[in-house]
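# Structural overview for review
Residue-level listing of the chains:
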Amino acid sequence: MKPCIRLFVAISLFGLCLASHATDIAVLNNGFAIRHERREVIGSVTRLYVNADGGSYVDVPTSEIEHFEKDLTPAYVNVKSGANSANLSDLISDVSGRHHLDPDLVNSVIHAESGFNPHAVSRKGAQGLMQLMPQSASRLGVQDAFDPGANVEGGTRYLRHLLEHYNFDLIKALAAYNAGPQRVEQYRGVPPYYETQAYVARIIRDFNRKKIAERKAAAAKSAAVEKKHVRVPTGKPASAASNPDSTARVNRIAITVH
């Protein structure tokens, strides 16, 4: 899941929120995508500059890049959405798509953070579906953390930023979302806090369960399609009339053909 990438970051979260959004997207072989303002090839790597002044960039082995495409999505869209499950599912899919994240991952984070309650407030004051602290919400440009669209947009954008910051190491990104990047830097990984460790494990477990169910559903659908194309013999053999037991045996075999 983690590509061989070195990420050099010298921007604050505030700077990320105000920066003009990238004009191109590098789509990697593993499905991840990286927005960037410009790029240059240096030896065997392609350097992707993720902000306009060139102060932050990602070095990606050129062989890991599948193709480039134009980024036509806005950096921030304040999507209004009701709190019912149908609208919320569509909202999460739309926002995840804009930030090139798997909607199942965002769903798993929301499940762990708020249990899909847009009015949730933690003991520490985190608010809404993705449990944004007021200061973080302000830096992310989220004026109303209880608005599902604004909250999911801000939280997903922050999660994407963390993934890029940690070279798409999902474990570190989730730990930083829960405990803060400072703690992840301090302990060079998941902090030794039970809450954070349980949080990361819960999301990974939920996300994996979704992927396993998705694969099983795809396999079952494929098997059903293949079964439709199996030609089951329907005629009786010449000796069937004189041997009723033989006819029954043929019918039983026909029913069990896959």
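One structure accompanies this document, and this report is about it.

Rules behind the numbers
Residues numbered from 1 in each chain as written. Predicted model: local features only at pLDDT ≥ 70, side-chain atom pairs only at ≥ 80, totals over all residues. Heavy atoms only, no water. Helix = DSSP H or I, 4+ residues; strand = E, 2+ residues; numbered from the N terminus. Buried < 20%, exposed > 50% of the residue type's maximum accessible area, 1.4 Å probe, protein only. Areas by Shrake-Rupley, 256 points an atom, 1.4 Å probe, with all protein chains shown as cover. Phe/Tyr/Trp six-rings, centres within 6.5 Å; stacked < 30°, edge-to-face > 60°. Lys NZ or Arg CZ within 6 Å of the ring centre and 35° of its normal. Core = buried A, V, L, I, M, F, W, Y, C linked by side-chain atoms within 4.5 Å. Contact = heavy atoms within 4.5 Å. Axes fitted to C-alpha atoms, helices over the stretch in contact; angles between N-to-C directions. Parallel < 35°, antiparallel > 145°, perpendicular 65-115°, else oblique. Left-handed = near helix turned anticlockwise from the far one by under 90°. Nonpolar A, V, L, I, M, F, W, Y, C, P; charged D, E, K, R; others polar. Expected span 1.5 Å × (residues − 1). Polar contact = N/O pair within 3.5 Å; in protein donor to acceptor, adjacent residues only side chain to side chain. Pairing = 2+ DSSP bridges.

## With respect to the overall build of the chain
Along the backbone of the chain there are nine helices and seven strands. In the chain, which comprises 258 residues, the proportion classed as buried is 40%. Here the chain has roughly 14500 Å² of accessible surface; of this, 54% comes from carbon and sulfur atoms.

## Section: the packing of aromatic side chains
Applying the stated criterion across every chain yields a total of two aromatic pairs. When the centroid spacing of 5.7 Å and the interplanar angle of 40° are considered together, the rings of Y158 and Y177 count as tilted. Of this pair, Y158 sits in helix 5 (residues 148-165) while Y177 sits in helix 6 (residues 170-179), placing them 19 residues apart in sequence. Of the two residues, Y158 and Y177, neither departs from the other in class, the shared state being buried. Seen from their ring centres, Y187 and Y193 are 6.0 Å apart, and the 80° between their planes marks the pair as edge-to-face. Y187 sits in the partly exposed class, given a relative accessible area of 36%. Residue classification places Y193 among the partly exposed residues on the basis of a relative accessible area of 30%. R38 extends its terminal NZ or CZ atom over the ring of Y49, reaching a point 3.9 Å from the ring centre.

## As for the nonpolar core
Formed by 41 residues in total, the largest nonpolar core has its most connected members in V109, V152, L159, L174 and Y177. Elements supplying a minimum of two residues to this core: strand 2 (24-28), strand 6 (57-61), helix 2 (85-98), helix 3 (103-114), helix 5, helix 6 and helix 8 (194-228). With near-sequence residues (within four places) excluded, V152 lies in contact with L91, I92, V95, I110, L129 and M130.

## Thoughts on the packing of helix 6 against helix 8
Close contact between helix 6 and helix 8 brings their axes to 9 Å; oriented N to C, the two are set at 130°. Our classification of the angle between helix 6 and helix 8 gives oblique. The hand of the helix 6/helix 8 crossing is right-handed. Contacts between helix 6 and helix 8 involve L170, I171, L174, A175, Y177, N178 and A179 from the former and E195, T196, Y199, V200, I203 and I204 from the latter. In terms of residue class, the contact of helix 6 with helix 8 is built from ten nonpolar, two polar and one charged.

## Overview of helix 3
The terminal C-alpha atoms of helix 3 lie 16 Å apart, and with twelve residues this matches the ideal 16 Å at 1.5 Å per residue to within 8%. Along helix 3, the positions that sit buried rather than exposed are D104, L105, V106, N107, S108, V109, I110, E113 and S114. At the N-terminal boundary of helix 3, the capping side chain belongs to D102, with an oxygen 2.8 Å from the backbone nitrogen of D104. Following helix 3 by one or two positions, G115 adopts a phi angle in the positive range, close to 65°.

## Some words on helix 5
Here helix 5 spans 25 Å end to end across 18 residues, near enough to the 26 Å set by a 1.5 Å rise per residue. Counting buried residues in helix 5 gives 17 out of 18 residues, a clear majority hidden from the surface. Directly after helix 5, the chain includes N167, whose backbone phi takes a positive value near 55°.

## Considering the pairing of strand 2
Along strand 2, five of the five residues are buried, which leaves the element largely enclosed by surrounding structure. Residues of strand 2 alternate between two faces, with D24, A26 and L28 on one and I25 and V27 on the opposite face, all of them buried. Note: strand 2 against strand 7 (residues 65-70), five bridges, orientation antiparallel. Considered in strand 7, the bridge of A26 is made with F68.

## Side note on unusual backbone geometry
In this model, F116 sits at a positive phi of 65°, which is unusual for a non-glycine residue. Tracing the chain through its elements places F116 in the loop between helix 3 and helix 4 (134-139). F116 sits in the partly exposed class, given a relative accessible area of 30%. Phi at F168 takes a positive value of approximately 60°, unusual for a residue other than glycine. Take F168: it is sitting in the loop between helix 5 and helix 6.

## Quick word on the packing of helix 5 against helix 6
Interhelical geometry of helix 5 versus helix 6 gives an angle of 130° and a closest axis separation of 8 Å. Put simply, helix 5 runs oblique to helix 6. Classified by chirality, the crossing of helix 6 by helix 5 is right-handed. Packed against helix 5, whose contacting residues are G155, Y158, L159, L162 and L163, the element helix 6 presents L170, A173, L174, A176 and Y177 at the interface. Its residues assigned to classes, the contact of helix 5 with helix 6 comprises nine nonpolar, one polar and no charged.

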